[in-house]
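# Descriptive analysis of the structure
Below are the chains, spelled out letter by letter.
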Amino acid sequence: MTTATTTDVPALSLAGVTKRYGALTAVDDVTLEVAKGARHALIGPNGAGKSTLFNLVAGTLPVTSGQVRFAGTDVTRRSAAWRARRGLGKTFQHSSLFLSMNPLENVALAAQRVAGKGMSLLASSARERAGIDDVARQCVADVGLTDRSHIVTGALSHGERRQLEVAVALATRPRLLLLDEPAAGMSPAESNRFAELVQSLPEDLTVVIIEHDLDLVFRLADRVSVLHLGGLIADGPAEQVREDPAVQQAYLGEDSLEELFETAPSPGEAGSSNEEMAT
Ligand SMILES: Nc1ncnc2c1ncn2[C@@H]1O[C@H](COP(=O)(O)OP(=O)(O)OP(=O)(O)O)[C@@H](O)[C@H]1O
Ligand SMILES: [Mg+2]
C-alpha cells in the first residue's frame, strides 16, 4: 500500500474555481495544481482574471463556486487572515505600503499582524518586540534594502518599493507566496535585481507570480498557466506553453509570442477594479 507523503501534496490545488460579478464571469471554472516549491507563473491579457484568481486563493474575495485547497487543506471558506496565519502570503498589484513609515516599520507591522498582535506597535512585550524586529531586519536584508531601511518609504524608488512589498510578504513567513505584477513599472536594472531576488528565495517556498513581462516569466518560471477571459487555456512546462498556438492567439492574434517577449516593453501596471477586502 502506498501512502501520500507531504511532498506529494500540492502547495495549491484549485477545483472548478469560479467568480461571477452579475453576468460577467471573471474567473471561469479554473482547475489547477501548483507543486510544492514550484516557480509558477500566471499570465494572460489584461482583464483575464489573474488578480481576481489570486484574491480567491488568498481569501480576500469569496468564490462563487469551486474549491481552494492550500497544502492539502480545504480553505475555501476560511478568511484571508486565517490563510495568512497558516502561510499564504500575497503582494498586491497596487501598493499597500505605509509611505510615511520606514521600510523596517512596514515589515515589522506585517510580522506583528501575523503573530496575531494587530496593528499596534505597543501591543507586544519587549521580548516579542525584539523577535519581530529581528524578523523585520532579516526580511529587509533578504530583499537587499538594508541600506535604505531607515528612510521613509515614500522616498524609495518604485523598484525599491516593490522589493519592500516582497519583504512585507516574507515577514508573514509564507509557505506559498503570490506575487501580483511585482515588476510592473520597474526599470530594466530593477527588474534584473528583482529576478535575482526571486531566484534567491528558499527552494521550499512555493511562488506563483503574475507578470506581463514575458521575458521575466520565462526566466523565472518552470511552469506557466495562461488565463484568457477567465478560463485556463494552457497550463504546463514553460517551454511547452510558449509554443502553444492558443496562447499565441490569445496574446497576439496572428503574431508570435516569441516576438512579443523579445521586443515589447512591459505594459506596466494596468488598472483594474478589484474590490480587495482587508485582511
Ligand atoms: N469588483 C469587480 N466588479 C466587477 N467586475 C470586476 C471586479 N473586479 C474585477 N472585475 C472584472 O473581472 C475581470 C478580471 O479582472 P482582473 O483584475 O482579475 O484581471 P487581470 O487579469 O488581473 O487584469 P490586469 O492584467 O489588467 O491586472 C475584468 O473584466 C474586470 O473588469
Ligand atoms: Mg491584475
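Residues numbered from 1 in each chain as written. Chains lettered and ligands numbered in written order. Predicted model: local features only at pLDDT ≥ 70, side-chain atom pairs only at ≥ 80, totals over all residues. Heavy atoms only, no water.

## What to know about the overall build of the chain
Applicable threshold: Only DSSP runs of H or I with at least four residues qualify as helices, and only runs of E with at least two residues qualify as strands; both kinds are numbered from the N terminus onward. Accessible area is worked out with a 1.4 Å probe on protein chains only. A residue is then buried under 20% of its type maximum, exposed over 50%, and partly exposed in between. Contacts are residue-level and defined by heavy atoms, with any inter-residue pair within 4.5 Å sufficient. Throughout, the Shrake-Rupley method with a 1.4 Å probe supplies accessible areas, and for residues the shown protein chains are the sole cover considered.
Looking only at helices and strands, one finds 10 helices and 10 strands in the chain. Every one of the 279 residues in the chain was classed for burial, and the buried ones make up 49%. Of the contacts made within the chain by residues no fewer than 6 positions apart, 67% connect residues no fewer than 24 positions apart. A total accessible area of about 13,100 Å² is found for the chain, and carbon and sulfur atoms account for 51% of it.

## Focus on the packing of aromatic side chains
Short version of the rule: Working definition: rings of Phe, Tyr and Trp (its six-membered ring) pair if their centres are within 6.5 Å, and the pair is stacked with planes under 30 degrees apart, edge-to-face with planes over 60 apart, and tilted otherwise. Any Lys NZ or Arg CZ that is within 6 Å of a ring centre and within 35 degrees of that ring's normal is treated as a charge sitting over the ring.
By the definition in use, this model includes 0 aromatic pairs. Sitting above the plane of the W82 ring, R86 keeps its charged end 3.7 Å from the centroid.

## Looking at the pairing of strand β10 (residues 231–237)
Formally: Should DSSP find at least two bridges between two strands, the strands are taken to pair.
In the sheet, strand β9 (residues 223–228) pairs with β10 via 6 bridges, with the strands oriented antiparallel. Its bridge partner being in β10, L227 is matched across the sheet by L232. Turn length for the β9-β10 hairpin, with the two strands adjacent in sequence and antiparallel, is 2 residues, and the turn residue L229 shows positive phi of about 50°.

## Digging into helix α5 (residues 158–170)
The line we're drawing: Residue count minus one, scaled by 1.5 Å, sets the expected span of a helix.
Between its first and last C-alpha atoms α5 spans 19 Å; for 13 residues at 1.5 Å apiece the expected length is 18 Å, and the two agree. Within α5, 11 of the 13 residues are buried, leaving the element largely enclosed by the surrounding structure. Taken residue by residue, α5 has G159, E160, R162, Q163, L164, E165, V166, A167, V168, A169 and L170 as its buried positions. Contacts made by the buried residues of α5 are with β6 (88–90), α3 (103–114), α4 (126–142), β7 (176–180) and α6 (188–199).

## Overview of the confidence of the model for the chain
Interpretation of this model should avoid reading the predicted coordinates in detail wherever pLDDT is low. This is how it is decided: Values of pLDDT, ranging from 0 to 100, describe the predictor's confidence in every residue of the model.
Put simply, the chain has an average pLDDT of 85, and 84% of its residues get 70 or more. The low-confidence segment residues 263–279 (pLDDT under 50) makes 36 contacts with residues lying over four places distant or belonging to another chain.

## As for the pattern of salt bridges
Here is the rule: By salt bridge we mean one thing: a side-chain nitrogen of Lys or Arg within 4 Å of a carboxyl oxygen of Asp or Glu.
Within the structure shown, the criterion is met by 5 salt bridges. Here R148 and E160 are joined by a salt bridge, their closest N and O atoms 3.0 Å apart. Of this pair, R148 sits in the loop between α4 and α5 while E160 sits in helix α5, and the two are 12 residues apart along the sequence. Two residues, R162 and E165, come together in a salt bridge whose shortest N-O distance is 3.5 Å. Here R162 and its partner E165 are both found in helix α5, 3 residues apart, which amounts to about one turn of the helix. E165 matches R162 in its accessibility class, with the two residues each being buried.

## Details of the packing of α3 against α5
Geometrically, a packed helix pair is captured by the angle between its two axes and the distance between the axes. So the rule is basically this: Fitted lines through C-alpha atoms serve as axes, helices being fitted only where they are in contact, and the angles separating the N-to-C directions of these axes extend from 0 to 180 degrees. Under this scheme an angle from 65 to 115 degrees is roughly perpendicular, one under 35 degrees roughly parallel, and one over 145 degrees roughly antiparallel; angles in between are oblique. Each crossing is labelled by how the near helix is turned from the far one, with a counterclockwise turn of less than a right angle marking it left-handed and a clockwise turn marking it right-handed. When residues are grouped by polarity, Ala, Val, Leu, Ile, Met, Phe, Trp, Tyr, Cys and Pro land in nonpolar, Asp, Glu, Lys and Arg in charged, and all others, Gly among them, in polar.
It is at 8 Å that the axes of α3 and α5 come closest, and there the two elements cross at 30°. Here α3 is positioned roughly parallel relative to α5, judged by the angle of their axes. As for the relative orientation of α3 and α5, their crossing is right-handed in sense. Two secondary-structure elements touch here, α3 through P103, N106, V107 and A110 and α5 through L164, A167 and V168. Grouping the amino acids of the contact of α3 with α5 by side-chain chemistry returns 6 nonpolar, 1 polar and no charged.

## Some thoughts on the sheet that holds β7
An order of β6-β7-β8-β3-β9-β10 is seen for the 6 strands of this open sheet, with the pairing classed as mixed. At either end of the open sheet lies a strand with only one pairing partner, and these are β6 and β10. Here the average twist between neighbouring strands, direction ignored, is 15°. The sheet contact formed by strand β3 (residues 39–43) and β9 spans 4 bridges and is parallel. Following the sheet pairing, I43 is matched in β9 by V226. Along the sheet, helix α1 (residues 50–58) makes contact with β3, β6, β7, β8 (206–210) and β9, crossing β7 at roughly 150°.

## Let's talk about the packing of α5 against α6
It is at 10 Å that the axes of α5 and α6 come closest, and there the two elements cross at 15°. With respect to α6, the element α5 is oriented roughly parallel. Of the two elements, α5 crosses α6, and the hand of that crossing is right-handed. Residues H158, G159, E160, Q163 and V166 of α5 form the contact with α6, whose participating residues are E190, R193, F194 and L197.

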